[in-house]
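Residue-level structure breakdown
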Amino acid sequence: MTRDEALARLRAQIDAGKPIIGAGAGTGLSAKCAEAGGADLIIIYNSGRYRMAGRGSLSGLLPYGDANEIVVDMAKEVLPIVEETPVLAGVCGTDPFRLMPVLVEELKRIGFSGVQNFPTVGLFDGTFRQNLEETGMGYGLEVDMIRVAHEADMLTAPYVFDPGEAKAMAEAGADVLVPHMGLTTGGAIGAETAKTLDDCVPLIQEMHDVAKRVNPEIIVLCHGGPIAEPDDAAYVLERTEGVVGFFGASSMERLPTEVAMTENMKRFKAIPV
């Protein structure tokens, strides 16, 4: 699906008063189920594979595998099973061993409709984050990757973590902006330390407002932290203006899988003998 086609579909949902829902998928079955449920976007990246292997999503930021190679490998499982939903690739824009224009063109050739910046250094903070910025591995490379993808006419849906990054990504041509509130809470391997929903509301609104001043047509969603369940997303959307949906990864596959499989096993174990 082309960028223009994907954007037309997203804007039709907004005009119809329906939320835009993006779903992270770590397996073909996750992607198949997300599409069957009506997902507007499907995003695959290395943490999806780790997450569905029972590991925390932050595995994707650690040196356990080649993130860009993994997403290309995942494409073989996901792209053939998704029938009509745009699929985005999570791209590690700071990868020093890739020529980004070449990688982006390859992702487009094999069937991705767009990209997102993941793994992202935006999830690092403190001295370590500062050192990454100082040594040529900073967030600006992710902005550059989004710009390259935009110029290649791919749909772009970057994560942003503060107003400055929101402005930079909007200027780089982001179509969909996703303010990121941190590692998703809840379940067996979710975070315990997180912002509150009320903390998230003004942060998301500020990033939305900054981006809209750059590009009034940009679509803004929310993601992460305490925004884990449908009621959480509804809470944020009700209290913000212009935020039109939610992107979930753990929320879309890990949390429901944990509940469904655990409860199913309990039902089998309750069979009388």
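These numbers come from a predicted model, not from an experiment. (Residues numbered from 1 in each chain as written. Predicted model: local features only at pLDDT ≥ 70, side-chain atom pairs only at ≥ 80, totals over all residues. Heavy atoms only, no water.)

1. Remarks on a nonpolar patch on the surface
Threshold: For patch building, the residue pool is restricted to those with more than 30% relative accessible area and no salt bridge; the joining distance is 9 Å between like charges and 5 Å between nonpolar side chains (Val, Leu, Ile, Met, Phe, Trp, Tyr). Accessibility throughout is a Shrake-Rupley quantity obtained with a 1.4 Å probe, and a residue counts as covered only by protein chains that appear here. A carboxyl oxygen of Asp or Glu within 4 Å of a side-chain nitrogen of Lys or Arg is what we treat as a salt bridge. Helix numbering and strand numbering both begin at the N terminus, where a helix is a DSSP run of H or I of at least 4 residues and a strand a DSSP run of E of at least 2.
A cluster of nonpolar side chains, namely Met265, Phe268 and Ile271, defines an oily patch on the protein surface of about 330 Å² accessible area. Mapped onto the elements of the fold, Met265 is located in helix α11 (residues 250-269).

2. Digging into the pairing of strand β3 (residues 87-91)
Let me state the cut-off plainly: For every residue, the accessible area (1.4 Å probe, protein chains only) is compared with the maximum for its type, and the residue is labelled buried under 20%, exposed over 50%, or partly exposed between those bounds. Pairing between two strands is assigned when DSSP locates at least 2 bridges connecting them. Note on handedness: a crossover is taken as right-handed if, strands pointing away from the viewer, the path from the first strand over the helix to the second is clockwise.
Of all the five residues making up β3, five are buried; the element is thus mostly covered by neighbouring parts of the structure. On β3, burial covers both faces: Val87, Ala89 and Val91 on one face and Leu88 and Gly90 on the other are all buried. Across three bridges, the pairing between strand β2 (residues 41-44) and β3 is parallel. Bridge pairing links Ile43 to Leu88 in β3. Here four bridges tie β3 to strand β4 (residues 114-117), and the two strands are oriented parallel to one another. Directly across from Leu88, in β4, lies its bridge partner Gly114. Chirality of the crossover, the property in question, places the unit of β3, helix α5 (residues 100-110) and β4 among those that are right-handed.

3. Some remarks on the packing of α5 against helix α7 (residues 140-151)
Let me state the cut-off plainly: With axes taken as lines fitted to C-alpha atoms, and helix axes fitted only over the stretch in contact, angles between N-to-C directions fall between 0 and 180 degrees. Angles are sorted into four bins: roughly parallel if under 35 degrees, roughly antiparallel if over 145, roughly perpendicular if 65 to 115, and oblique for all others. Put simply, a crossing is left-handed when the front helix is turned counterclockwise from the back one by less than a right angle, and right-handed when it is turned clockwise. Any two residues having at least one pair of non-hydrogen atoms within 4.5 Å are treated as being in contact. The classification used treats Ala, Val, Leu, Ile, Met, Phe, Trp, Tyr, Cys and Pro as nonpolar, Asp, Glu, Lys and Arg as charged, and all other residues, Gly among them, as polar.
One can describe the packing of α5 onto α7 by two numbers: an axis separation of 10 Å at closest approach and a directional angle of 50°. The orientation of α5 relative to α7 falls into the category oblique. Here α5 and α7 pass one another in a crossing that is right-handed. Together, Met100, Pro101 and Val104 of α5 and Met145, Val148 and Ala149 of α7 make up the contact between the two elements. Its residues assigned to classes, the contact of α5 with α7 comprises six nonpolar, no polar and no charged.

4. Observations regarding the environment of Pro101
Relative to the assigned elements, Pro101 resides in helix α5. As for Pro101 and Met145, which are separated by 44 residues in sequence, their C-alpha atoms are 8.0 Å apart.

5. Quick notes on the sheet that holds strand β8 (residues 219-222)
Pairing is parallel across the open sheet formed by nine strands, whose spatial order is β5-β4-β3-β2-β1-β9-β8-β7-β6. Each having just a single partner strand, β5 (155-156) and β6 (159-160) make up the two edges of the open sheet. In terms of strand pairing, strand β1 (residues 20-24) meets β2 through three bridges, oriented parallel. When the bridges of β2 are listed, Gly22 appears paired with Leu41. Strands in contact with helix α1 (residues 3-15) are β1, β2, β5, β7 (176-179), β8 and β9 (243-248); relative to β8, the strand with the most contacts, it is inclined by about 70°. Against the sheet, helix α10 (residues 230-239) engages β8 and β9, with an angle of about 155° to β9.

6. Some thoughts on the environment of Arg254
The residue Arg254 is located in helix α11 in this model. We classify Arg254 as buried; its relative accessible area is 4%.

7. Looking at the packing of helix α9 (residues 197-214) against α10
Packing of α9 against α10 leaves a shortest axis separation of 10 Å and a crossing angle of 45°. Taken together, the axes of α9 and α10 are oblique relative to one another. Where α9 crosses over α10, the two elements pack in a sense that is right-handed. For the pair α9 and α10, contact is made by Leu197, Asp198, Val201 and Ile204 and by Asp232, Tyr235, Val236 and Arg239, respectively.

8. Let's talk about α9
The criterion, for reference: Expected helix span is given by 1.5 Å per residue-to-residue step, counting one fewer step than there are residues.
Between the first and last C-alpha of α9 there are 26 Å, a value that for 18 residues agrees with the 26 Å anticipated at 1.5 Å per step. Residues of α9 that are buried: Leu197, Cys200, Val201, Ile204, Gln205, Met207, His208, Val210 and Ala211. Against the buried residues of α9 lie β6, α8 (163-171), β7, β8, α10 and β9.

9. Observations regarding the side chain of Thr184
With respect to the helices and strands, Thr184 occurs in the loop between β7 and α9. The residues touching Thr184, leaving out its near neighbours within four places in the chain, are Gly190, Ala191, Gly224, Gly225, Ala228, Ser250, Ser251 and Arg254.

10. Points about the packing of aromatic side chains
Formally: Planes of paired rings set the category: under 30 degrees apart is stacked, over 60 is edge-to-face and the rest tilted, where pairs are Phe, Tyr or Trp rings (Trp by its six-membered ring) whose centres lie within 6.5 Å. Definition used: whenever NZ (Lys) or CZ (Arg) falls within 6 Å of the ring centre and also within 35 degrees of the ring normal, the charge is taken to sit over that ring.
Following the criterion strictly, the structure yields five aromatic pairs and no others. Relative to Tyr64, the ring of Tyr50 lies with its centre 6.5 Å away and its plane at 90°, an arrangement referred to as edge-to-face. Of this pair, Tyr50 sits in helix α3 (residues 46-52) while Tyr64 sits in the loop between α3 and α4 (67-78), placing them 14 residues apart in sequence. When its relative accessible area of 13% is taken as the criterion, Tyr50 is described as buried. Judged by centre distance (4.9 Å) and plane angle (70°), the rings of Phe124 and Phe128 are edge-to-face. Taken together, the ring pairs connect Tyr45, Phe118, Tyr159 and Phe247 into an aromatic cluster. The residue whose ring lies beneath Arg239 is Tyr235, and the NZ or CZ to ring-centre distance is 3.5 Å.

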